[in-house]
Amino acid sequence: MGEPRKPLPVKFILGVIARPDCLQLVNAAVEALGGADLVSEKMPFDKTDYYKEEMGDGLIRFWLSLNGLGDPEELPHLKLRTNELEREYSEGSRRKMNLDPGYITESNLVLASTKAYNHRIYLKEGIYAEVTLIYRKKTGYEPLPWTYPDYRTRLALDFFGEVRRLYREELKKEMRKYAEKHG
């Protein structure tokens, strides 16, 4: 019989979709979440027009990783907080940015969602989790059948590989600190 144990810390990430004229607001939102240590290049958000009516034309997409490591149990709270920030920086019912949190482990990238679907697991407080990418030693991150098109791009896969590298470095430091403290 397996014994339950606390999971390793994770590296939180944000997927950002925004109007180019709203990047200062995105920066303010990221700072409210503790700041970023890595930011991807920006690309046009043109794989779908899902946000066009609400946010307008010419949207950009990029990703970032938040400073430090965290407890994966905090993902629902982070999703609720990003929803608050989106509302705070909105003009009426029109968002200027979309902030999608998730996290990286050594083996996958998990995204939070408020939408139920057959490949999502309910966490709490109306928040679901979805494994979006899996990591394989020989090939790096690989998409799954439901992975969003922009998360399948070389830009995204390479960026998350770099975040994973940073995550592993930070995790080793945390494990050394723990070992020193607890002998």
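For the structure, see preceding data.
Residues numbered from 1 in each chain as written. Predicted model: local features only at pLDDT ≥ 70, side-chain atom pairs only at ≥ 80, totals over all residues. Heavy atoms only, no water.

## Here's the deal with the overall build of the chain
Quick reminder of the rule: Labels follow the DSSP assignment, with helices taken as runs of H or I lasting at least four residues and strands as runs of E lasting at least two, numbered in each case from the N terminus. For a compact globule the rule gives 2.2 Å times the number of residues to the power 0.38, and the radius of gyration it is set against comes from C-alpha atoms. Burial here depends on accessible area, computed with a 1.4 Å probe over protein chains only, as a share of the maximum for the residue type. Under 20% is buried, over 50% is exposed, and the range in between is partly exposed. Contacts were defined at the residue level, with two residues in contact if any of their heavy atoms lie within 4.5 Å. Counting rule for charge: Lys and Arg are taken as positive, Asp and Glu as negative, and neither His nor the chain ends is counted. The atom standing in for a charge is NZ when the residue is Lys, CZ when it is Arg, CG when it is Asp and CD when it is Glu.
When its secondary structure is counted, the chain shows 4 helices and 9 strands. Order of helices (α) and strands (β) in the chain, N terminus to C terminus: β-α-β-β-α-β-α-β-β-β-β-β-α. Radius of gyration (C-alpha) of the chain: 17 Å, near the 16 Å computed for a compact globule of 183 residues. Taken over the C-alpha atoms alone, the chain extends approximately 55 × 35 × 30 Å along its principal axes. The proportion of buried residues among the 183 residues of the chain is 46%. Counting contacts in the chain only where the partners sit at least 6 residues apart, residues at least 24 apart contribute 67% of the total. Between the centroid of the 30 positive side chains of the chain and the centroid of its 29 negative side chains there is a distance of 4 Å.

## A look at the nonpolar core
Keep this limit in mind: To form a nonpolar core, buried Ala, Val, Leu, Ile, Met, Phe, Trp, Tyr and Cys residues must be joined to one another through side-chain atoms within 4.5 Å.
Counting residues in each nonpolar core, the largest one holds 24 residues, and the members touching the most others are Leu 14, Val 16 and Leu 66. Elements represented by at least two residues in this core include exactly strand E1 (11-18), helix H1 (23-32), strand E4 (60-66), helix H3 (75-88), strand E5 (97-104), strand E6 (108-113) and strand E8 (127-136). Here Val 16 is in contact with Val 26, Ile 60, Arg 61, Phe 62, Leu 64, Asn 98 and Leu 99, once residues within four sequence places are set aside. Counting 14 residues, the second-largest nonpolar core is a separate cluster that includes Met 43, Leu 109, Ala 156 and Phe 159.

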